[in-house]
Amino acid sequence: NAGVIQTPRHKVTGKGQEATLWCEPISGHSAVFWYRQTIVQGLEFLTYFRNQAPIDDSGMPKERFSAQMPNQSHSTLKIQSTQPQDSAVYLCASSSTGGGTEVFFGKGTRLTVV
Amino acid sequence: AQSVTQPDARVTVSEGASLQLRCKYSSSVTPYLFWYVQYPRQGLQLLLKYYSGDPVVQGVNGFEAEFSKSNSSFHLRKASVHWSDSAVYFCAVSMDSNYQLIWGSGTKLIIKP
């Protein structure tokens, strides 16, 4: 079990460019989460899929952020027209169904917008 | 709405000493309670979790936490810390582990030699 895999680990983009972050959840897990982590804001929930369906995107900045889960083996987080304030570590996590189960995190993608 | 408070942004402890990291939550019902640890340049890893039963739960690497309904707290403890315990510790709650976790702001643990 390789755990939750996030690629790339580091990404540098120029202001105004697009960034796509990839996540491969643990095989068999039905829930996939995206979080953003910064020194100032801490851990922020972005969005959540269950069985590939979007359940809650209340944490997503509406205008430039989008997330998809086209199949059970991967999810993407896309940021259009990146801004310096988008610089953060983006964490993907997955869990299986059932109450009280553990959420497993990837190592994150560090996005730097210059 | 649920919320989690970790009042100590940073805790410094001598190696071999005991440790307590504080966590208080606000929720209308008892949620699932978690402690996660984040080592440098790593993702978060689960230390332990609680939902019901014995209020003292054991976790990995000698960590334990005690749930107190009356105090709405879920403090993390360790009897004797090691330098490798240096990390950031997060308390989190959830009404359903398949739903979003509500996170505390984290406590950075520094171990003095």
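The model shown is predicted, which means the values in this text are computed figures rather than measured ones.

**Concerning the overall build of chain B**
Looking only at helices and strands, one finds zero helices and twelve strands in chain B. From first element to last, N terminus to C terminus, chain B shows the α and β order β-β-β-β-β-β-β-β-β-β-β-β. Relative to a compact globule of 113 residues, whose C-alpha radius of gyration would be 13 Å, chain B shows 13 Å and is just as compact. Expressed along its principal axes, the backbone C-alpha trace of chain B runs to roughly 40 × 30 × 20 Å. Relative to its full complement of 113 residues, chain B shows a buried share of 46%. Summarising the internal contacts of chain B: among those between residues at least 6 apart in sequence, 56% fall at separations of at least 24. Roughly 5400 Å² of accessible area belongs to chain B as shown, and the carbon and sulfur atoms make up 49% of that amount. One way to put it: in chain B the 10 positive side-chain charges average out to a point 7 Å from where the 7 negative ones average out.

**What about the state of the cysteines?**
Residue and element names in this part refer to chain A. Evaluated as defined, the whole model comprises two disulfides over all chains. Each sulfur of the disulfide joining Cys23 and Cys92 lies 1.9 Å from the other. One quick way to see it: the torsion about the S-S bond of Cys23 and Cys92 is about -65°, and its sign makes the bridge left-handed. Here Cys23, found in strand S3 (residues 19-24), pairs with Cys92, found in strand S9 (residues 88-95); they are 69 residues apart in sequence, far enough to count as distant.

**Quick notes on the pairing of strand S5 (residues 32-38) of chain B**
Successive side chains on a regular strand alternate, one facing one side of the sheet and the next facing the other. Residue and element names in this part refer to chain B. Counted residue by residue, S5 has seven buried out of seven residues, so it is predominantly covered. Judged by which residues are buried, S5 turns out to be covered on both faces: Tyr32, Phe34, Tyr36 and Gln38 on one side and Leu33, Trp35 and Val37 on the other are all buried. Two elements, S5 and strand S10 (residues 87-94), share seven bridges in a ladder whose sense is antiparallel. From the neighbouring strand, Gln38 faces S10, where its bridge partner is Val88. The sheet contact formed by S5 and strand S6 (residues 44-50) spans six bridges and is antiparallel. The partner of Phe34 across the bridge, within S6, is Lys49. Where S5 folds back on S6, the antiparallel hairpin that results is connected by five residues, among which Arg41 adopts a positive phi of roughly 60°.

**Looking at the pairing of strand S9 (residues 73-78) of chain B**
All names here are of chain B. Burial runs high along S9: five of the six residues are buried. Where strand S3 (residues 19-21) lies against S9, three bridges are found, and the strand directions are antiparallel. Pairing of Leu19 across the sheet is with Lys78, part of S9. In terms of strand pairing, strand S8 (residues 63-68) meets S9 through six bridges, oriented antiparallel.

**Digging into the side chain of Asp86(A)**
All names here are of chain A. You can see Asp86 is positioned in the loop between strand S8 (74-79) and S9. On the accessibility criterion, Asp86 (2% relative accessible area) is buried. Of the polar contacts made by the side chain of Asp86, one reaches the side chain of Arg64; its length is 2.6 Å. Leaving out residues up to four positions away in the same chain, Asp86 has contacts with Arg36, Arg64, Phe65, Ile79, Ser81, Leu111 and Val113.

**What to know about the sheet that holds S8(A)**
Whether parallel or antiparallel, the strands of a sheet pair through hydrogen bonds between backbone atoms. All names here are of chain A. Spatially, the four strands line up as an open sheet ordered S1-S3-S8-S7, and their pairing is antiparallel. Strand pairing shows two members of the sheet lacking a second neighbour, strand S1 (5-7) and strand S7 (65-71), which therefore form its edges. Along the sheet, successive strands turn relative to each other by an average axial angle of 20°, direction set aside. By the bridge criterion, five bridges tie S3 to S8 in an arrangement that is antiparallel. Paired with Trp22 across the two strands is Thr76, which belongs to S8.

Reading the values: rules and limits
- Residues numbered from 1 in each chain as written.
- Chains lettered and ligands numbered in written order.
- Predicted model: local features only at pLDDT ≥ 70, side-chain atom pairs only at ≥ 80, totals over all residues.
- Heavy atoms only, no water.
- Helix = DSSP H or I, 4+ residues; strand = E, 2+ residues; numbered from the N terminus.
- Rg over C-alpha atoms; globule rule 2.2 N^0.38 Å.
- Buried < 20%, exposed > 50% of the residue type's maximum accessible area, 1.4 Å probe, protein only.
- Contact = heavy atoms within 4.5 Å.
- Areas by Shrake-Rupley, 256 points an atom, 1.4 Å probe, with all protein chains shown as cover.
- Lys, Arg positive; Asp, Glu negative; His and termini not counted.
- Charge placed at Lys NZ, Arg CZ, Asp CG, Glu CD.
- Disulfide = S-S within 2.5 Å.
- Pairing = 2+ DSSP bridges.
- Polar contact = N/O pair within 3.5 Å; in protein donor to acceptor, adjacent residues only side chain to side chain.
- Axes fitted to C-alpha atoms, helices over the stretch in contact; angles between N-to-C directions.

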